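Structure assessment
Here's the letter readout for the chains.
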Amino acid sequence: MRHSLQSVWATVLFCLGLLTSHCGEARVLTEAQSGPLYRVLGYPLSISCNVSGFPNQDTRKEFQFRMFRPERATEINIISTNDQDFSYAVYMKRVFNNEITLENVLPNSVLFKIKHLEERDEGDYECFVINPEQTYDGIYSVKTTVKVIDNSLIISSPVSASLSHDEGDSLTLTCQASSNTVQHTHLSVTWYLHKDGEDNAHPIISLERDLTLSPGQGFEGRYQAGLIGLDKVGEATYRLNMAQLELSDQGKIYCQAQEWIQDPDRSWYSIAQKSAEATTLNVKAKEVVDKGSLVVRVSAQQATLQEGQELSLSCSVDAQNLAERFFSVAWLRENVELARIGPTGVVSVGPEYSGREKEGELRATRTGNKDHRLILRPVRTQDQGEYVCRAWPQDRGADGAFTQGAAQDSSSQLVTVSATESGLSVEMEEKDVSVNEGDGLKLTCKVGGVKGQLSVTWEHKSPLFSNVISLSQEGVMEVGEEFRQRSIMAMRPAADTFTLELNEVRQADAGVYQCTVSEWTITSNGKVQKTNSQSQTGTVSVVLTESFLKVSLRSRNTLATVGEEVELLCRLRGPRLPMTLTWSLQRENASSPDNILTLYPNGNINWSGDQRRYQVKTESSQNEVYQTLLIMGASHREAGRYQCEVSVILESRYKKLPPSNLLAVMVKNPVSELSLTSTPTVERKINTDIDIKCSVIKATSPLSRFAVTWLVQRQAENKTILSSNRDAVVTFGAQVESSHGQRISMKRSEGPSFELTIRQARIGDSGLYMCKVVEWLQDPRGQWYELPPVSTTTELQELQELQSETNDLRCDKTEQQVEAGEGEEVELTCALTSGASSPSSRYSLTWLYTGSDPSVMKVPLVELDHSGLLRYPDNQGLRGLQGRLRLSRPTHSSFHLGIQRAREGDSGTYQCQVEQYQLDHQGGWQQKASDDSGPITLSVKATENNLIIVKDDVMMNVTGSQNFTIPCHISTQSSQSSVFQVTWFWQKESGIEQHPIFTAYRNSTLQDRSGRGERLRFGHPVPNHFNLTVFKPVPADSGLYFCEVEEWLLSLSQGWRKVAAEKSGKLTVSVYIEGGDVSEQVGTQGIMVGVLTGVIICLLVVVFLLALKVFRGSGAKKPDDSLWAEEHPLKPKPSAED
C-alpha cells in the first residue's frame, strides 16, 4: 500500500514539473538599436543586432535584414549572412559592391552597414535571426525605424587664402557653422593645423557638443597658459585665438564642424561633417633687436592688384621692452602721408585721403602690440607706387605729454595697380520709395555689363553711410552692426538683380540708401579679386503709423432703455498689425475714465469692468478691423462717454495711436405701464373695521416691486397716513397720532393689492383716501430704480353708530396629527368655529408647546396681543424654535403657525389660546371671551435609507496600451440633498484583503491611496455617475475592483449624518503583457488549464481506485483479485487439448 502511494505522488510531481517548465518567460530574445534613427542623406548608417537565449552561445548565428516601407506595405529582402541570393533586385547591386554589408561581430551579434544613405533607404528595418532549433521559444526578430533627412550643415570661413605673421604675433581666425535640421541636434567645432609634409592634420582645439573645450595633442600647455582659446560669438561664429605664434604653427589652418544627434538609447551619434576652406599661415622668425633701436617692416598682402581690389599694408614695429613703450606709426606713398596712428591709438588721415576715409575706402587699425594695418578698398590706379612705413618712439612725461623721438623708416614696398575695362552698370529701380511704418521695405538694384562674379553692399546714410547688409560673390550674407537684431535679408533673385528686404520699418530707417555692386574675377593662380565697383542711391521716406492707421468709434443706438443691448463699433482702418485694444468709459462726475477691458494680440482679455455686462467680438477685412463692444442689458451704470484706444506692435514694441472719438451713451428708464383700481366709495358704521383696497391691474414688469403711500384729504389738505417701501417696511406719517397708529394697518395680497385697514372706525375717519403707488424695477446690475408714481382715490363717507353684539367665541377642538420630514416647512392651524364674524372685535393669540422633556409642559412660544404687538416669551431652551416661527391670519376665522426648516427636536404637542376683546363705552378694550383649540401633535422624522448602487459583475481583458474604467453608478438616493463619498477598492482575488486605491470625498477633495499617481483619473460626468480610469495598466493591476458609496445628509440638529453605505458589483480585470496577442495568451492559459485539469482527473481516479481497494480489503469477504499484475501472472491461452 505504501509503495502504491509513493508511485502516485511521483506521478503528481512529474506532472507539476511539466507544468512549471511551461510557466517561465520566453528564452530567446533578439535586440537591436531603438528607433527612430535620424541619419543624413549620403552619410553612413549602422544598426547593431544581437540575440541571446540559445543553449550554445559560442556557435555563430545566422541573421537576415529586411526593410519595410509603410507606403507600399511590403517587405524587401536586403542581405543575409548565409544566403548570397537573399537580396532583392533593388538592393542587389549595392550589396555586391559592398556598399551594404552585414558582418558577424560576435557569434551572437551582427553589424548592418550602409555606406551612403539614399532617400529610398527610409523605412523600418527588421533584424531576423535564423532559428537552428526545431522549436520556437521567444522573440526572433526586431524592428528599427530609420528616417533619412537632408544635409543642412553649412560651414564657411571669411579669412583670406594666406596670412603672414611674425613669430610671437597673435592670430585670430573665425568660421561660421550652422544647421537647419528640424530635429534637435548639437554641433561640435574643431580647428586643425595641417603642417607641410605631413599626411594628417593635428587638432588645435575643439568645442565639443556639450560646449566644453578640449585642446589637441601638443597644444595642452599653451591652452592651460591661456595662449590658445576658442570662443563662440553669436549663434554661428566660432573664433580661434592664438597668442604668441610659434614657428611650428606654420601650415594650413581650417575648421571642421560635426553635427550630432541623440538616439533613443541616449547615445550621441555624428550624422554629418564638413570642413571650411583652409588658410595658409606663414610664420617668420623673430629678429634680434638692439637696445634702444627700432626695427620697422612693411609688407603687402598682395603687391600686384587690379583696380577695385583691396590693398592691405602691414606695418610691424619691434624693439626691446615693446609692451612698455609708446610709438607713432605712419604710412607714406611717394613721401605723402596717408594715415597715422598716434601713441594712444588715435587715427589721423592725411588731407589728400580724408575724402576716401569718409567714404569708407581707407581704414587704419592697430592689430597688436607691434602690428598695424592700412587698407585701401577699392584700390585705384593712382594708388600704385612705393610705400614706406615710418615709426617714431614717444616718451611720456610726468604731465602726460609725449615727446617724439627720431623717425625710423622701413624698406619700401612696391605696389602695382593695373586698370581693368568693365562695362558694369548699376541702376536703382525706384529712387524715391515711400513705406508705412511697420511694413516691409524692398529696394532693387539692376546691373548690366557683367563679366565676372558679383557682390553687393547696401549702405544707409544718416548722416554718414553705414553698412546695412552685404552679399558676397559666394552667396554669404553679412549683416551690419546696427541691423543685426533686425529682420533683414539681401537676395539675388535673378542674375542681374539684387534686392534688400527689411521688415518692420522704423522711422529712423528713412534716408538715403546706396547699392554698391562689385565685380570679381578669378586670377591665373586661382584667387578671386575685385575688379570694379559701381554704386547707385535711392531715397526712402517712412510714413508714420498715425498717418495711415485711423481709429474711430460709432454706434447705431446711443439712447437705450434700461435692459436693452447697446453695440459700439471701434473701427481701425489701415494695414493689419498685431494690436492691443482698450475700451474705457468716462462716467459723469468721474475724475478719470474707467478701463473696461484690454484685448491683447494673442486673444487674451484682461477685464477691469464687470465681465457679465459686456461681450466683445472681432471682425476683419483686408484693410479694416472692427472691434465690437456689446453692452448686455444696459443700466444707468453703463451711461457715459465711451472710447477705444489702440496700440500696435512695431519692431516688437508697442506704439500707442491717438484714441478714438468720445461716444456718449445715454440710458433712460422704461415708460411706466402701471394702472390701478379701487372702490370709489365705502360706507361703514362706527366701531367696525374698514378695509380700503387698492389693486394693481397692470404693471410694467412681472418682476416689479411697489412702494405704497396712503394719504387722506381733509379740508383741501393731504395728510400721510402710512407708507410701505418696496421691501414692505411700513412707517407711519409724521402727522398720525400714536393712538391712531394702533388702529391703522396695511397688508399686501396677491395681485398685488394693498389694503388699508382702519379698526374701530370713528366719525372723524371720514374723508377722501388716496393710494399712491411707485413702481420699482431692477436693472441688469441688480440696482433698483423708480418710475413716476400713479394714484387712485376712495371716498369714506360719514360713519354711523353700531349696536353691540353678543360674544360666542369657539375654537376647533379636533385633535390633529401632523408628520413632516426634517428640513421641510410645517404649518399648524388654529381655527375659530364661531365668534370670528364680528368686525368690532379684536383677538389675542398664544401658542403653547409641550415637548418630550417633562419640564417642557405647555410653555408659551409666541404671543400676539389684541393691539397687534408680537412677543416671544424668554425661554433659553426654545430660542432656536422661536427664531423659526412665522404667524399669519389668512382668514378671519383661522390663525396659522409656520415652522421653517423643521427639526427632529421640534416634535411635540402644540395648542393655541384665543382671547376676544371689544370696545366699551369709554373707548377701552375689554376681554369678552377666551377658548383653547384641540392639541396638534407634530412628528418630525429624519430621512430614511433609500440608497441603491448598480451591482453588475463584469469581466474584462486588457493589454498595457488599453485603459480601463471602473464605474460606480447610483440608481436611487435617499434625498435630493444627499452628497456622496466614493472609495474604490482592489483585491488580488476573491477572499483576500481589500485595498483602497482612491477616494473622492464629499467635500470634492480627491486622494490617491495606492501611489499610482498619474495613472489614475477620476471622472464625474453626470450626477450620480462616478468612474475611475486606470491608464497604462500593468499585469500587477489585474484583480477585482469595486466601489463603496457613503451617502451623507446635513441634519439641522445633528450636523452631517451618514445615511447609508453600499458597495457596487465587482469588475474583474486581467492585464496582459504589452505586445502580445491577448487571444494567444488566453490560448496558452487554456492549454495550461487543460493540462492541469487532466492531471487532477487522473489523480482523482487513482485515489478512487485506492480507496476502493482499501474498502474491499477490510471486509469479511474473500479478497478480490488484486489489480497489480505481479500478483496474478497471465495465464496462457487454452490449447486445443484442454
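Residues numbered from 1 in each chain as written. Predicted model: local features only at pLDDT ≥ 70, side-chain atom pairs only at ≥ 80, totals over all residues. Heavy atoms only, no water.

Here we come to the sheet that holds strand 67 (residues 826-834). Read from one edge of the open sheet, four strands run 65-67-72-71, paired in antiparallel fashion. Edge positions in the sheet fall to strand 65 (810-811) and strand 71 (885-891), since each of these pairs with one other strand and no more. Of the strand pairs in this sheet, strand 67 and strand 72 (residues 894-899) are connected by six bridges, and their pairing is antiparallel. For Cys830, the partnering residue across the bridge sits in strand 72 and is Phe895. (Pairing = 2+ DSSP bridges. Helix = DSSP H or I, 4+ residues; strand = E, 2+ residues; numbered from the N terminus.)

Before going further, it helps to spend a moment on the state of the cysteines. Enumeration according to the criterion identifies eight disulfides in this entry. At a sulfur-sulfur separation of 2.4 Å, the disulfide partner of Cys694 is Cys771. Its torsion about the S-S bond being -75°, the disulfide of Cys694 and Cys771 is classed as left-handed. Taken together, the positions of Cys694 in strand 56 (residues 690-698) and Cys771 in strand 62 (residues 767-778) put the pair 77 residues apart, joining distant regions of the chain. Unpaired in this structure, Cys811 has its nearest cysteine sulfur neighbour in Cys830, at a distance of 4.8 Å. (Disulfide = S-S within 2.5 Å.)

With mixed pairing, five strands are arranged side by side in an open sheet as 2-9-8-4-5. Two strands in the sheet have a free side with no partner beyond their single neighbour: strand 2 (37-40) and strand 5 (74-80). The sheet shows a mean angle of 30° between the axes of neighbouring strands, taken without regard to direction. Its contacts with the sheet put helix 2 (residues 89-96) on strand 4 (63-69), strand 5 and strand 8 (123-129), and the angle it makes with strand 5 is roughly 20°. (Axes fitted to C-alpha atoms, helices over the stretch in contact; angles between N-to-C directions. Contact = heavy atoms within 4.5 Å.)

Within soluble globular proteins, side chains that are nonpolar generally end up buried alongside one another. With 35 residues, the main nonpolar core has Leu568, Trp583 and Tyr642 as its most contacted residues. When contributions to this core are tallied by element, the ones reaching two or more residues are strand 43 (550-555), strand 45 (566-573), strand 46 (579-586), strand 47 (594-599), strand 50 (624-631), strand 51 (640-650) and strand 53 (663-668). With five residues, the single largest contributor to this core is strand 51. Residues Leu173, Leu187, Leu240 and Leu281 belong to the second largest nonpolar core, which totals 32 residues. (Core = buried A, V, L, I, M, F, W, Y, C linked by side-chain atoms within 4.5 Å. Buried < 20%, exposed > 50% of the residue type's maximum accessible area, 1.4 Å probe, protein only.)

What follows concerns the pattern of salt bridges. If you walk through the whole model with that rule in mind, you get 36 salt bridges. With its nearest N and O atoms 3.6 Å apart, the salt bridge here joins Arg222 to Glu246. Note that Arg222 is positioned in helix 3 (residues 220-224) and Glu246 in the loop between strand 17 (237-242) and strand 18 (251-262), a separation of 24 residues in sequence. Assessed through its relative accessible area of 10%, Arg222 is described here as buried. Assessed through its relative accessible area of 34%, Glu246 is described here as partly exposed. When salt bridges with common partners are traced through the structure, they connect Arg94, Glu99, Glu118, Arg120 and Asp121 into a single cluster. (Salt bridge = Lys/Arg side-chain N within 4 Å of Asp/Glu carboxyl O.)

A separate point is empty space enclosed by the protein. Applying the stated criterion across every chain yields a total of one cavity of 30 Å³ or more. Reported here for the largest cavity is a volume of approximately 40 Å³. In terms of lining, the largest cavity is formed by Leu549, Leu572, Gly574, Pro575, Arg576, Leu577, Met579, Asn623, Glu624 and Val625. (1 Å grid on protein atoms, 1.4 Å probe; cavity = no way out; pocket = protein on both sides within 12 Å on 5 of 7 lines; lining within 4 Å. Points joined across faces, edges and corners; volume = space filled by probe spheres on them.)

Tallied over the full model, the rule gives 15 aromatic pairs. Their ring planes at 70° and their centres at 5.3 Å tell us that Phe326 and Phe402 sit as a pair that is edge-to-face. Placement of the pair is Phe326 in strand 24 (residues 326-333) and Phe402 in strand 30 (residues 402-404), with a sequence separation of 76 residues. Ring centres of Phe998 and Phe1018 lie 6.1 Å apart, and the angle between their planes is 20°; this geometry places the pair in the stacked category. Note that Phe998 is positioned in strand 80 (residues 995-1000) and Phe1018 in strand 82 (residues 1016-1022), a separation of 20 residues in sequence. An aromatic cluster is defined as three or more aromatic residues linked by ring pairs; in this entry it consists of Trp984, Phe998, Phe1018 and Phe1026. Sitting over the face of the ring of Trp1048, Arg1002 holds its NZ or CZ atom 4.2 Å from the ring centroid. (Phe/Tyr/Trp six-rings, centres within 6.5 Å; stacked < 30°, edge-to-face > 60°. Lys NZ or Arg CZ within 6 Å of the ring centre and 35° of its normal.)

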